[in-house]
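What follows is each chain in one-letter form.
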Amino acid sequence: MEKKEYPFYIRSHVDVQSYLFWSPDCVENVVKGINGQYPRPTIRAKAGDTIVVHLHNKLHTEGVVIHWHGIRQAGTYFYHGHYGMQKSTGLYGSLIVDVADGEKEPFHYEGELNMLLSDWWHQNVHEKEIGLSSNPFRWIGEPQSLLMNGRGQFNCSLADHLSNSSVCKIRGGEQCAPPILHVQPNKTYRLRIASTTSLASLNLAIGVSQLYLNTLCFINCLLLEKSNLHFLLF
Ligand SMILES: [Cu+2]
């Protein structure tokens, strides 16, 4: 089996800082980066590979623990910080395990798209943590934004482009510009979906007029419905 090594650094863009300034939902905030990146790198391997992650904690005042989700077999997974509420600071990324050499997926597709969903609050993560552990309990409220692949738009309604609001006029180069999943007609794509939300549970809808879900999806989605990891073919 092939052995893959990933240098895995958790640090800020500038070493003396713990966080990156970033605008995941068009509002500047602070996020935790890995290797100075946000969103974080995707780790990809084949079933049976050994992944060695060298974790260098460059945060000055915090420990770091990474929780690796379900990595024993081929599938769509993710990893996230598990020290305090680090997941809420953006410390997570995709972990994709392909089938082992010589094995085939039980379905065919021509392209692959990855969708990592998360919830995002503007309040400080410590405010959230203290509220959750307080007696009496203090709920921080619903998230300000939902992010897809680390990007979302705060306070933008679906009809905003019809109004005169200057908010939500995305040109495409912004840190919060919606990720675009490119597809071509008459091809089958595998959409990998993972939810890394810390407190919110999500419903995902795909707003296209013609979407033919492969029947295999229903079988596999049913099998996976109790987890937060799904995929579908379309
Ligand atoms: Cu976890």
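Everything quoted here is computed from the prediction, not taken from an experiment.

Caption draft 1: Region of the structure containing the sheet that holds strand β6 (residues 66–68). With respect to topology, four strands assemble into an open sheet ordered β4-β8-β7-β6, the strand pairing being mixed. Two strands bound the open sheet, and with one partner strand each, they are β4 (43–46) and β6. Neighbour to neighbour, the strand axes of the sheet diverge by 20° on average, direction disregarded.

Caption draft 2: Spotlight on the coordination of the copper ion. Within the protein, the atoms that donate to the copper ion are His67 (ND1), His69 (NE2) and His80 (NE2), at distances of 1.9 to 2.1 Å. Binding-site remark: the copper ion is held by donors from one chain whose sequence spacing is H-x1-H-x10-H. With His67 in strand β6 and His80 in strand β7 (residues 75–81), the pair connects residues that are 13 residues apart, well separated along the chain. Given the relative accessible area of 32%, His67 is considered partly exposed.

Caption draft 3: Representation of the confidence of the model for the protein within the structure. Taken over all residues, the pLDDT of the protein has a mean of 77, while the share at 70 or more is 75%. Least confident of the elements in the protein is helix α2 (residues 215–224), whose mean pLDDT is 42; most confident is strand β10 (residues 145–148), at 92. In the predicted structure, residues 9–17 sits below a pLDDT of 50 and forms 29 contacts with residues beyond four places in sequence or in another chain. Contacts for the low-pLDDT stretch residues 214–228, under 50 throughout, to residues beyond four places or in other chains number 21 contacts.

Caption draft 4: Spotlight on the state of the cysteines. This model, assessed by the stated rule, comprises one disulfide. Linked covalently through their sulfurs, Cys26 and Cys176 form a disulfide whose S-S length is 2.0 Å. Looking down the S-S bond of the Cys26 and Cys176 bridge, the torsion is 95°, so its handedness is right-handed. With Cys26 in the loop between β2 (20–22) and β3 (29–31) and Cys176 in the loop between β10 and β11 (189–195), this residue pair connects regions lying 150 residues apart in the sequence. For Cys26, a relative accessible area of 36% gives the class partly exposed. Taking the relative accessible area as the measure of exposure, Cys176 reaches 4% and is therefore buried.

Caption draft 5: Quick look at helix α1 (residues 125–133). Taken residue by residue, α1 has Val125, Lys128 and Gly131 as its buried positions. The arc enclosing the buried residues of α1, seen along the axis, measures out at 130°, which places them on a common side. In this structure, α1 carries Ile130 and Ser133 as exposed residues pointing more than 90 degrees from its buried face. The distance from a side-chain oxygen at the start of α1 to the backbone nitrogen of His126 is 2.6 Å, and the residue carrying that oxygen is Asn124.

Caption draft 6: Spotlight on the pairing of strand β8 (residues 92–98). Most of β8 sits out of view: seven of its seven residues are buried. Direction of pairing for β4 relative to β8: parallel, over a ladder of four bridges. Counterpart to Ala45 in the pairing with β8 is Val97. One ladder, built from six bridges, connects β7 with β8; its direction is antiparallel.

Definitions and limits used
- Residues numbered from 1 in each chain as written.
- Predicted model: local features only at pLDDT ≥ 70, side-chain atom pairs only at ≥ 80, totals over all residues.
- Heavy atoms only, no water.
- Pairing = 2+ DSSP bridges.
- Helix = DSSP H or I, 4+ residues; strand = E, 2+ residues; numbered from the N terminus.
- Axes fitted to C-alpha atoms, helices over the stretch in contact; angles between N-to-C directions.
- Donors = N, O, S within 2.8 Å, 3.2 Å for Na, K, Ca; no water.
- Buried < 20%, exposed > 50% of the residue type's maximum accessible area, 1.4 Å probe, protein only.
- pLDDT = per-residue confidence, 0-100.
- Contact = heavy atoms within 4.5 Å.
- Disulfide = S-S within 2.5 Å.
- Arc of directions from axis to C-beta.
- Polar contact = N/O pair within 3.5 Å; in protein donor to acceptor, adjacent residues only side chain to side chain.

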